[in-house]
Number of protein chains: 2
Amino acid sequence: MLRSHTCGELGIAHVGQSVTISGWVQGIRDKGSLLWIDLRDRYGITQVTIETENASAEIIETARKLGREFVISVKGKVVERYSKSDKIATGAIEISPEKINILNAAITPPFTIEDETDGGDDLRMKYRYLDLRRNPVRKNLELRHRIAIETRNYLDKLNFLEVETPVLIKSTPEGARDFVVPSRMNPGEFYALPQSPQTFKQLLMVGGFDRYYQIVKCFRDEDLRADRQPEFTQIDCEMAFVEQEDILNTFEGMVRHLFKAVKGIDIPTLSRMTYADAMKYYGNDKPDIRFEMKFVHLSPTLSEGEGANTQKDLVKGKGFKVFDDAQLVVGICAKGAAEYTRKQLDELTEFVKRPQIGATGLVYARYNTDGTIKSSVDKFYNEEELKKWAVAFNAQPGDLMLILAGEEAKTRKALSELRLEMGTRLGLRDKNKFACHWVIDFPLLEYNEEAKRWHAMHHPFTSPKPEDIELLDSNPGAVRANAYDLVINGVEIGGGSIRIHNKALQAKMFELLGFTKEDAQAQFGFLMNAFEFGAPPHGGIALGFDRLCSLFGGAEVIRDFIAFPKNNSGRDVMIDSPSPIAKEQLDELQISLKK
Amino acid sequence: MLRSHTCGELGIAHVGQSVTISGWVQGIRDKGSLLWIDLRDRYGITQVTIETENASAEIIETARKLGREFVISVKGKVVERYSKSDKIATGAIEISPEKINILNAAITPPFTIEDETDGGDDLRMKYRYLDLRRNPVRKNLELRHRIAIETRNYLDKLNFLEVETPVLIKSTPEGARDFVVPSRMNPGEFYALPQSPQTFKQLLMVGGFDRYYQIVKCFRDEDLRADRQPEFTQIDCEMAFVEQEDILNTFEGMVRHLFKAVKGIDIPTLSRMTYADAMKYYGNDKPDIRFEMKFVHLSPTLSEGEGANTQKDLVKGKGFKVFDDAQLVVGICAKGAAEYTRKQLDELTEFVKRPQIGATGLVYARYNTDGTIKSSVDKFYNEEELKKWAVAFNAQPGDLMLILAGEEAKTRKALSELRLEMGTRLGLRDKNKFACHWVIDFPLLEYNEEAKRWHAMHHPFTSPKPEDIELLDSNPGAVRANAYDLVINGVEIGGGSIRIHNKALQAKMFELLGFTKEDAQAQFGFLMNAFEFGAPPHGGIALGFDRLCSLFGGAEVIRDFIAFPKNNSGRDVMIDSPSPIAKEQLDELQISLKK
């Protein structure tokens, strides 16, 4: 070993010992009579101090040759420092060197290897191996390692077996686009890379494995959004002889274990919200419930359930056409924001009118601290009417009511975005606070207007709720699934379902999704056939591991929680991949490129 | 949960309790007045006993509908058995049912779900989900799970970080054939699937990660031999600031930990053998040292080192042309095999003459228990000369000397096979006995006659021994590498090396391997550039995880230690993959099939 100790472990207890440490030169200060080298490795920084008066000419010469990021080993004595530093763990000691070996020289790195670097994203990606030397990036990956260990610990204790499922599988048209791999030994045929091990984990349940998990790479050939990767990692799990309640409890336990073991945080019991309520009160299926700010409906909507339809109409028929014509008039109450300036309100209006939000305007009503209410629609609504709004919003003096109107789905979505924006502006989305909950009772199907057919909302293997099965033919859109999402801080961290384990029901499902009998058999025959040989009731969940890690790390983007990520064009700029391959390779695979 | 207990946990302590168990019907016996159901899950088998006199009509009717592999749940009381069974863990009790629910029916499986099945390999592969229900197959995968856990435990304790490296990487012509993945977003360009994470783990060392491991899928598009899989799993490790000795010690520790933790076996310190000795005394680079039976040279060979060249010639010049013309005359002594019959000796001769062994014949000499020696070449060698052979072989009365002659490399290889065959015949290769050792000092390069160029014996990133570097130009074949293999019972379980961490040496290596400067830069420029920014000395190892599991399981083939293996044509016959893909997919990828 080219060291006796790491750069992170020496302290007062080692004073007087002869040691060897190795690492990278973080920095050098040369004061003539004294020369300091900060030596860094994964474990910390240790100061090497050379008193030029007493040091050998060789040591001084070597030390003065060093530059940032040189790799050296230093043999020397551990000495107590005169002036100790509490900034680093080894701050009580320094090394008085007897020998310095240059293990490798270094040219000047293209950006500084500091916690706050001067390197831009592109440069950091190209020299990822240098970026990995920076503490924040390394700590992210250490965190990832720790979460993986604790995930395995938890699941191992519950008798889950980690089973590796194949990476070279079969392409299926359902779901996202597959990456495919031409087979040389079977010309004209292709493997696909798995979007998830879904069918294999179900077959493991049919095979009696009872409880399965895997931390596994999955692949989707999608047009990449800012924070998507073509390859990503899932914590993939499945259990037999369970009902939805069992899965929710088991993985609630896992999430709480992870928060406790990794971050030392006690997470309370996870609350549950139906999909219907999530849409109604938060406008999306993964509400951030770190803060309340629920939607308040100012007029009844067609889509509300019967019981809910008791909301009195507080806005229509007063001559304000925008509200009168709207399918939905809905708002939020921003606590303590009544003193927002005109400029701030204009910003909010601009925010909701951005194309990706899509609202046509924003109505506001300030509940001033003096008890008066001033709104942007005073022309149409008098103080008495506005007071009724305030009651509906449960607004107090000092609060700001923000209201959108229009087509229902679009308006809910826009208000959902505004709610998150207000949450951010009011400091209600502390990244060190964690609100975890389940969203349950998802619809089984959603209608795709473009394709003019039903799509599976979760996936085609998801079981409808038994009590809704009779609606499959008459009203497919109303059928609820035994499907659930795990949401943390407004991010969908995981999703799963109780699966269909019956061949006839699975066949029915494929029929609903527009498969011909032949197509269903060709693509998923192996699974349906398996169901005939005694498939147990089963269900599971998959958690986005990259996303979970970034959430634990308090970051928005997953890229820095992946050792070697790809950019938004799916390109690894460090190794320059993808890249052209040799003609011989194409010939062997019996494929050719189109011009 | 559709059960209160598993089928493996109930015993006397539970007698009187009301329980629910779920599982598969392993078998039913119907004696009229008594009806037994053996209910199976992953954890065991529990007997359900119905006394038809006392049972409800509903229970009896349900029970008589059941067939093998039906999935049921049984609610009932735990009762002490009259006649207990010690064949199963739950043999002291049985369940007296109050309610039987059929959770899923089953058609008759195509083979029996028993430890010894009547299903052939092809059938078992097609219905892999049924094969997985069999105890031996499931136990193999449970063993695999356990080995993975203990591997992680060991490495975690030593501060190794598990880091996921990318699966979509870059194709390189060095090494085996890559699987490639067309990139839709970068038309005409391809990713490759990794044959190993080699360059990435080295970059992690450059990135200061210090100690890395990963249990990771790798891919090789090779023509599959009986026991190769296109996707396989490696325990992949790398360490910085180490020398060969450190790697050997660390992973010797891991192997010993695994044997202890998983199999309860104490493995002694691993012995070490040079590649040169392995070839000389065993004829191959992964000798099975569960038994001795070293090669004995009867005449000097050109390739032997100077010191070794003292072997007196015991065979040449006596008129036996086969020996006189041979580059090498070499044999083994089979202890206690002097009484082999003519038939057995003929079998051995046939064995060595098989095309894959390639010897032209076999010479034997029996050292009879009466002290006489009879050989198949008595015409040329008298008793006195044969006695000298016996001395060279260290043979005792009762032993059999087996001798091959011919061209050196071929003869060593053939004798190596004969040695293993004799080891098997003499019962010296007990699969429950484990002999682990290191083979070290591999040559850096081997000459490929076909390609007329040097190939890297391990891989192009392997470091030559510093003392041999001066031979790189003058005598490349004599340069030894800091490369090592871990061999267990004659199987290469792992291999690794100290890597080059210097740009100039790495460039030199590529030059030796026939790369142009431009090719080397285009393909491995990212690594060589990385070496300029302060790369630490580093090295590592990769262990074949599938092979390790099969070895621990005492099996010859890896297939049954993989949940969903592919057959020898790289085909998954269960899901029928690879398969044709849609024209739209090809079009999107801008590739076409050749006719």
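Residues numbered from 1 in each chain as written. Chains lettered and ligands numbered in written order. Predicted model: local features only at pLDDT ≥ 70, side-chain atom pairs only at ≥ 80, totals over all residues. Heavy atoms only, no water.

Q: I tried to follow the overall build of chain A on my own but got confused; where do I start?
A: A tally of regular secondary structure across chain A gives 16 helices and 23 strands. Its C-alpha atoms give chain A principal-axis dimensions of roughly 90 × 75 × 55 Å. Evaluated residue by residue, chain A yields a buried proportion of 59% over its 595 residues. A separation threshold of at least 6 residues defines the contact pool for chain A, and within that pool the share at least 24 residues apart is 66%. Accessible surface computed for chain A: about 24,400 Å², of which carbon and sulfur atoms make up 49%. (Helix = DSSP H or I, 4+ residues; strand = E, 2+ residues; numbered from the N terminus. Buried < 20%, exposed > 50% of the residue type's maximum accessible area, 1.4 Å probe, protein only. Contact = heavy atoms within 4.5 Å. Areas by Shrake-Rupley, 256 points an atom, 1.4 Å probe, with all protein chains shown as cover.)

Q: Would you mind showing me how to read the nonpolar core here?
A: Here is a general trend for soluble globular proteins: nonpolar side chains tend to be buried in one another's company. Membership of the largest hydrophobic core comes to 58 residues, with the highest contact counts inside it found for Tyr129 and Phe564 of chain A together with Leu203 and Leu204 of chain B. If you list the elements that add at least two residues to this core, you get helix 3 (128-131) and helix 4 (135-157) of chain A together with helix 5 (198-206), helix 7 (275-282), strand 20 (483-488), helix 13 (503-512) and helix 14 (517-531) of chain B. The greatest single-element share of this core, amounting to seven residues, is contributed by helix 14 of chain B. Discounting residues that sit within four places of it in the chain, phenylalanine 564 of chain A has contacts with Arg128, Leu132 and Met574 of chain A together with Thr165, Pro166, Phe200, Leu203 and Leu204 of chain B. Of all hydrophobic cores here, the second largest spans 57 residues; its members include Ala240, Ala483, Leu513 and Ala530 of chain A. (Core = buried A, V, L, I, M, F, W, Y, C linked by side-chain atoms within 4.5 Å.)

Q: Mind showing me how you'd approach the packing of aromatic side chains here?
A: Centre distance and the angle of the planes are the two values used to describe a pair of aromatic rings. Inspection of the entire model under this criterion finds 48 aromatic pairs over all chains. Ring centres of tyrosine 127 of chain B and tyrosine 129 of chain B lie 6.2 Å apart, and the angle between their planes is 80°; this geometry places the pair in the edge-to-face category. Across the pair, tyrosine 129 of chain B and tyrosine 127 of chain B agree in class, each one buried. Pairwise contacts between aromatic rings join Phe320, Phe323, Phe380, Tyr381 and Trp389 of chain A into one cluster. A cation over a ring is seen here: lysine 126 of chain B above tyrosine 127 of chain B, with NZ or CZ 5.6 Å from the ring centre. (Phe/Tyr/Trp six-rings, centres within 6.5 Å; stacked < 30°, edge-to-face > 60°. Lys NZ or Arg CZ within 6 Å of the ring centre and 35° of its normal.)

Q: Mind showing me how you'd approach the pattern of salt bridges here?
A: Working definition: two side chains of opposite charge can pair if their charged atoms are close together. According to the stated counting rule, one finds 110 salt bridges over all chains in the structure shown. Between arginine 152 of chain A and glutamate 162 of chain B there is a salt bridge whose closest N-O contact spans 3.2 Å. In this pair, arginine 152 of chain A sits in helix 4 while glutamate 162 of chain B sits in strand 6 (residues 161-162), so the two residues belong to two different chains. Comparing arginine 152 of chain A with glutamate 162 of chain B, the two get one shared label, buried. Notably, a salt bridge pairs glutamate 164 of chain A with arginine 144 of chain B, separated by 2.7 Å at the nearest N-O pair. (Salt bridge = Lys/Arg side-chain N within 4 Å of Asp/Glu carboxyl O.)

Q: In this structure, what is going on with the relation of the copies chain A and chain B? I would like to understand it.
A: Between the two copies, chain A and chain B, the superposition gives an RMSD of 0.1 Å; the rotation angle is 180° and the shift along the axis is 0.0 Å. Taken together, the turn and the small shift mark the pair as related by a two-fold rotation axis. By residue overlap, the copies meet face to face through one surface: 100% of the interface positions of chain A are interface positions in chain B. (Least-squares fit on C-alpha atoms with pLDDT ≥ 70 in both.)

Q: Could you clarify how one ought to interpret the environment of glycine 553 of chain B in this entry?
A: Residue and element names in this part refer to chain B. The residue glycine 553 is located in the loop between helix 15 (545-552) and helix 16 (583-589) in this model. Separated by 42 residues in the primary sequence, glycine 553 and glutamate 511 place their C-alpha atoms 44 Å from one another. Once you skip the residues sitting within four places of it in the chain, glycine 553 turns out to touch Leu143 and Phe561.

Q: Mind showing me how you'd approach unusual backbone geometry here?
A: Glycine aside, residues mostly have negative phi angles, and peptide bonds mostly take the trans form. Each neighbour pair has its own omega, and for serine 577 of chain A with proline 578 of chain A the value is 5°, a cis peptide bond. Its location among the elements puts proline 578 of chain A in the loop between helix 15 (545-552) and helix 16 (583-589). Backbone geometry at glutamate 69 of chain A places phi at a positive 70°, although glycine is not the residue there. Among the secondary structure elements, glutamate 69 of chain A is positioned in the loop between helix 1 (57-65) and strand 4 (71-80). What makes glutamate 69 of chain A buried here is its relative accessible area of 1%. In this model, methionine 293 of chain B sits at a positive phi of 45°, which is unusual for a non-glycine residue. For methionine 293 of chain B, the position within the fold is in the loop between helix 7 and strand 12 (296-297).

Q: Help me understand the environment of glutamine 244 of chain A in this model?
A: When you line up the elements, glutamine 244 of chain A lands in helix 6 (residues 244-263). With near-sequence residues (within four places) excluded, glutamine 244 of chain A lies in contact with Ile440, Asp441, Lys465, Asn482, Ala483, Tyr484 and Ile498 of chain A.

Q: Can you help me understand the interface of chain A and chain B in this one?
A: Many descriptions give the size of an interface as the accessible area lost when the pieces come together. In this assembly, 121 residues from chain A lie in contact with 121 residues from chain B. Roughly 10,900 Å² is buried in total at the junction of chain A and chain B, and carbon and sulfur atoms are behind 59% of that figure. Looking only at chain A, the three residues that lose the most surface to chain B are Glu164, Phe241 and Phe533 of chain A, adding up to 8% of its buried area. Across the contact surface, chain A and chain B share 16 salt bridges. Where lysine 594 of chain A meets aspartate 587 of chain B, a salt bridge forms, and the shortest distance between an N and an O atom there is 2.5 Å. Across the contact surface, chain A and chain B share 72 residue pairs in polar contact (both at pLDDT 80 or more). A breakdown of the residues in the side of chain A that touches chain B according to their chemical character gives 63 nonpolar, 25 polar and 33 charged. Looking at chain direction, strand 23 (residues 591-593) of chain A and strand 23 (residues 591-593) of chain B are connected through three bridges and run antiparallel. Across the sheet, the residue bridging to isoleucine 591 of chain A is leucine 593 of chain B, located in strand 23 of chain B. (Buried area = accessible area lost by both parts, 1.4 Å probe. Polar contact = N/O pair within 3.5 Å; in protein donor to acceptor, adjacent residues only side chain to side chain. Nonpolar A, V, L, I, M, F, W, Y, C, P; charged D, E, K, R; others polar. Pairing = 2+ DSSP bridges.)

Q: Teacher, can you tell me more about helix 6 of chain A here?
A: Every α-helical turn comprises 3.6 residues, leaving residues that sit three or four positions apart pointing alike. Its 20 residues give helix 6 of chain A an end-to-end C-alpha distance of 28 Å, which sits within 8% of 28 Å, the value for a rise of 1.5 Å per residue. Glycine 264 of chain A lies just past helix 6 of chain A and shows a positive phi near 70°. (Expected span 1.5 Å × (residues − 1).)

Q: Please explain the sheet that holds strand 9 (residues 211-219) of chain B as it appears in this structure.
A: Sheet strands pair by backbone hydrogen bonding; their relative direction is either parallel or antiparallel. All names here are of chain B. In spatial order, the strands read 6-9-10-22-21-20-17-11; together these eight strands make up an open sheet with mixed pairing. The open sheet terminates on both sides in strands that have one partner only, identified here as strand 6 and strand 11 (271-274). In the sheet, strand 17 (residues 436-440) pairs with strand 20 via five bridges, with the strands oriented antiparallel. Paired with valine 439 across the bridge in strand 20 is aspartate 485.

Q: Can you walk me through the sheet that holds strand 20 (residues 483-488) of chain A in this structure?
A: Residues and elements named next belong to chain A. One open sheet accounts for eight strands, arranged 6-9-10-22-21-20-17-11; its pairing is mixed. Strands at the two margins of the open sheet, each flanked by one partner only, are strand 6 (161-162) and strand 11 (271-274). By the bridge criterion, five bridges tie strand 21 (residues 491-498) to strand 22 (residues 538-544) in an arrangement that is antiparallel. Paired with serine 497 across the bridge in strand 22 is glycine 540. Seen against the sheet, helix 7 (residues 275-282) touches strand 11 and strand 17 (436-440) and runs at an angle of roughly 85° to strand 11. (Axes fitted to C-alpha atoms, helices over the stretch in contact; angles between N-to-C directions.)

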